Amino acid sequence: MWYHKPAINAELLESLPNLKVVASSGVGIDHLDLKLLSSYGVKVANTPFIVSTDTADLGMTLMLASSRRLVEGHEMAFSPDTEYFPADWLGVAVSGATLGIVGMGTIGYKVAERAKAFEMKILYHNRNQRKKEEESAVGAVYRKKIDDLLQQSDFVLLAVNLTPQTHKLIGKRELELMKPTATLINISRGLVVDQDALVEALQNKVIKAAALDVTYPEPLPRDHPLLKMKNVIITPHIGSATKKTRWVMMEEMAESIEAGLAGLPIPREVL
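In this text the structure is predicted, and so the values were computed from the model without any measurement. Residues take numbers from 1 onward in each chain, read along the sequence in its written order. It should be noted that, the model being predicted, local features are given only for residues of pLDDT at least 70 and side-chain atom pairs only at 80 or more, the latter also being counted only at that level, while totals for whole chains, interfaces and linings use all residues. Note that the side-chain values use all heavy atoms of the structure and ignore hydrogens as well as water.

Asks: Explain the pattern of salt bridges residue by residue, including any values.
Replies: A side chain of one charge can pair with a side chain of the opposite charge when the charged atoms of the two come close. Any Lys or Arg side-chain nitrogen located within 4 Å of an Asp or Glu carboxyl oxygen qualifies as a salt bridge. Enumeration over the complete set of coordinates arrives at twelve salt bridges. Aspartate 30 is the salt-bridge partner of arginine 189, the closest N and O atoms lying 3.2 Å from each other. Highlighted residues: arginine 189 in the loop between strand E7 (183-186) and helix H9 (195-203) and aspartate 30 in the loop between strand E1 (21-23) and helix H2 (34-39), separated in sequence by 159 residues. Residue aspartate 30 is classed as partly exposed on the basis of its relative accessible area, which comes to 32%. One salt bridge connects aspartate 154 with lysine 179, and the closest N-O pair in it is separated by 3.0 Å. The way it works is that DSSP assigns letters per residue, a run of H or I at least four long becomes a helix, a run of E at least two long becomes a strand, and they are numbered from the N terminus. Only protein chains enter the calculation, and the probe is 1.4 Å; a residue is then buried if its accessible area is under 20% of its type maximum, exposed if over 50%, and partly exposed in between.

Asks: If you had to explain the packing of aromatic side chains to someone new, which residues and values would you point to?
Replies: Put simply, two rings from Phe, Tyr or Trp (the six-membered ring, in Trp's case) pair if the centres are within 6.5 Å, and we call them stacked under 30 degrees between planes, edge-to-face over 60, tilted for the rest. Under the defined criterion, the tally for this structure stands at two aromatic pairs. Their ring planes at 50 degrees and their centres at 5.2 Å tell us that tyrosine 124 and tyrosine 142 sit as a pair that is tilted. With tyrosine 124 in strand E4 (residues 121-125) and tyrosine 142 in strand E5 (residues 140-142), this residue pair connects regions lying 18 residues apart in the sequence.

Asks: Can you lay out the sheet that holds E5 for me, pointing to particular residues and giving the numbers?
Replies: Pairing between strands requires that DSSP locate at least two bridges from one strand to the other. Spatially, the seven strands line up as an open sheet ordered E5-E4-E3-E6-E7-E8-E9, and their pairing is parallel. Among the strands making up the open sheet, the edge pair consists of E5 and strand E9 (232-234). The sheet shows a mean angle of 20 degrees between the axes of neighbouring strands, direction not considered. Note that E4 and E5 share three bridges and pair parallel. In the sheet register, tyrosine 124 faces E5, and the bridge partner there is tyrosine 142. What makes two residues a contact is simply this: any of their non-hydrogen atoms within 4.5 Å. Axis angles are defined between N-to-C directions and span 0 to 180 degrees, where every axis is a line fitted to C-alpha atoms and, for a helix, only to the segment in contact. Here helix H5 (residues 106-117) sits on the sheet and contacts strand E3 (98-102), E4 and strand E6 (155-158); the angle it forms with E3, its principal contact strand, is near 170 degrees. Helix-sheet contacts for H9 involve E7, strand E8 (209-212) and E9, and the interaxial angle to E8 is about 140 degrees.

Spelled out as structure tokens, the structure:
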């Protein structure tokens, strides 16, 4: 499966009685009905670890691009109407700012490693607290309540899996807890954020900006209000999109398929 295609439903499974394994690209499995697949005796594999470095890099890229208004600046520099660069055209400092990471798994932790190099103060919210030595290595401070993280962060970065518990995790209430100067960065899944609430929060200056690699749907309708806002950056779900990583993802998927067909333990099997 690539970009969630083909759709794995009962009709397809009925038509493939000899199917043994489904290998899905990336880390997310929210598009798969694991119980349904299991009922047909089909095993599932994904590629969860190889994507983490590139996705963490993109998280930092979005934060820096948004804070320094990179897209706006590019447009200004290229515009045929530009006669001078205004002296009061200012961005937001990243160094010394507070980054709140929601979801401190492999990707979230790698974001923290990068943020440490920018001398950021790092808070994180997770289902489980990390080991003390892991926290110390990146200078991260655990916040058991997500509300505390939202209220204290200058940048809030989402790196959680999409589950029933994280569906629209960030809604109107959570956005109103954030600082009016804060930026929301989403590198997880679009449905982790209530998109209508986000539009409203940006329009009413409840938060300052948003930088999104994921939306719902993808791509957004061409008349969607998020596409008309200067304080929004949207990239086309490119967290893992480097030549090296995509190549390794293909290799890992092929390894899982070969193992499944041979009746051997499947690398990176989703249990």
